[in-house]
Structures are given as structure tokens and as C-alpha cells.
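Understanding the architecture of this molecule
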Amino acid sequence: IVRWQDRIYPPAPLAAQPQTTFLDTHTLNVGGETLTLGYMLQAHTDGDIYAHFPERKVLMAGGALSTDSWPVIDWSTAGWIGGMVKALDTLIALCDESTIIVPSTGAPTDRAELIKQQVMYTDIMAKLNIMMEKGYGITDVLREAPTAPYKPRWQGAQQFLALAFKSFWGHVRQFEGV
């Protein structure tokens, strides 16, 4: 049983639990077509997976991509904003301009939107890194509003910023020399 956000999440029923595990990618044959599953280490959680039908040019991005809201970064399971950036890099490399990309929430999108989000999260991450180095707390981060130039239609970036900022602490050493 896991407690998060003051809620208790019991384990999934056995039938809903994975029967196969992998560390990088796993390929299946589904109806005569190739389906590639790929692990994206520590993106919005520690268990992000994409599903790619290369012949159909369909890429399901999972929780590493949202087109209608800020993501929920589960820092308590090692998800972090740097992992989100790396996940977007992975997804960008898997597709071309004609690929249909299905996010966790929101409308399907294209490679150009993946690139925009990768640039956005990279910029926000750099700003959060500077704030961390200055000794800012979450209240300071929220006041500085590093998401303000991006996605005003999404609104409500406070939770995203708080979680993204908290997510840094497990990865501080990765920023030496940045």
C-alpha cells in the first residue's frame, strides 16, 4: 500500500500487474505488426514507458507528455524534470513529421510539439537549477514563476513547479558543472 497526496493506493489486482519486465526496450508482434515498448528512466515517475507502432507511425508517449496540462512529477518515486527532458529527447528520436503522437492527456500531437515541449522543459529546468543554487525555497520559486512565458492556457503551474523543484534534490550531483 502506497500513500501519496494523502490517499492510499492499494496494489493492482494480479491480472492487471505486468507479466513481462524489461530494462530498455521490448518488442511484441501485435496482429502482425511490430509494437516496441521502451522504458524512459525517471521521467514523470520511475516507470514511464512509451509504446511505438513504427509501421503505422503511431507513438504513445505515456505520462512523459501532456498536451493540455502541466505534468505531475512524482518525485517520491524518482521522477524529475531532467528525466522529462530526456524522455522527450527519446520520443523525438523515435518519430518524424508524419508520426501521430498520443499523450497521456490531451489531444494527439506531432513531432514539432514534442520539440517545443523539450525546449520549454529544458528552459524551466535551467531556471529551477539557478534558483536551487541561490538557495530558493518553493515559495520563492512560485513567486518567480519560471513557467510564465509558456502555456498560459494550461494555467495552474503551481503544483508542477513545486513537484519539479522538489524533484531536483535526488539529482543534485548531476548538475555539477551545468
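For every chain, the first residue of its written sequence is number 1, and the numbers climb from 1 along that sequence. Predicted model: local features are reported for residues with pLDDT of at least 70 only, side-chain atom pairs are reported and counted for 80 or more only, and whole-chain, interface and lining totals are derived from all residues. Hydrogens and waters are ignored; side-chain quantities use all the structure's heavy atoms.

**Quick look at the pairing of strand S6 (residues 58-66)**
Quick reminder of the rule: One requirement defines pairing of two strands: DSSP has to find at least two bridges between them. Where helices and strands are cited, they refer to DSSP runs of H or I of at least four residues and of E of at least two residues respectively, numbered from the N terminus. Call a crossover right-handed when, viewed with both strands pointing away from you, the route from the first strand across the helix to the second goes clockwise.
Pairing of strand S5 (residues 48-53) with S6, which is carried by 3 bridges, proceeds in the antiparallel orientation. When the bridges of S6 are listed, Ala51 appears paired with Met60. Handedness of the β-α-β unit built from S6, helix H1 (residues 81-94) and strand S7 (residues 100-105) comes out right-handed.

**Considerations on the packing of H1 against helix H2 (residues 111-133)**
So the rule is basically this: Where helices are involved, their axes are fitted lines through C-alpha atoms of the stretch in contact, as for all axes, and angles between N-to-C directions lie from 0 to 180°. Note on terminology: angles under 35 degrees are roughly parallel, angles over 145 are roughly antiparallel, angles of 65 to 115 are roughly perpendicular, and the others are oblique. Handedness of a helix crossing follows the sense of rotation of the near helix relative to the far helix, less than a right angle counterclockwise being left-handed and clockwise being right-handed. Any two residues whose heavy atoms approach within 4.5 Å are treated as being in contact. Gly counts as polar in this scheme, as do all residues outside two lists: the nonpolar Ala, Val, Leu, Ile, Met, Phe, Trp, Tyr, Cys and Pro, and the charged Asp, Glu, Lys and Arg.
Between H1 and H2, the least distance of the axes is 9 Å, while the angle of their chain directions is 155°. If you check the angle between H1 and H2, you find them roughly antiparallel. Between H1 and H2 lies a crossing whose hand is left-handed. Listed contacts from H2 to Ile81, Gly82, Val85, Leu88, Asp89, Leu91 and Ile92 of H1 are Arg111, Leu114, Ile115, Gln117, Gln118, Tyr121, Thr122, Ile124, Met125 and Leu128. Partitioned by chemical class, the residues of the contact of H1 with H2 number 11 nonpolar, 4 polar and 2 charged.

**Some remarks on the packing of aromatic side chains**
Given two aromatic rings, one states the distance between the centres and the angle between the planes to describe the pair. Keep this limit in mind: Side-chain rings of Phe, Tyr and Trp (the six-membered ring for Trp) are treated as a pair once their centres are within 6.5 Å; stacked means planes under 30 degrees apart, edge-to-face means over 60, and tilted covers the remaining angles. Each residue's exposure class comes from its accessible area (1.4 Å probe, protein chains only) as a fraction of the maximum for that residue type: buried when under 20%, exposed when over 50%, partly exposed otherwise.
Applying the stated rule across the entire model yields 5 aromatic pairs. Ring plane angle 55° and centroid distance 5.8 Å describe the contact between Tyr121 and Phe160, whose orientation is recorded as tilted. Of this pair, Tyr121 sits in helix H2 while Phe160 sits in helix H4 (residues 158-167), and the two are 39 residues apart along the sequence. With respect to burial, Tyr121 and Phe160 carry one shared label: buried. Here the aromatic residues Trp70, Tyr121, Trp154 and Phe160 are joined through ring pairs into a cluster of three or more.

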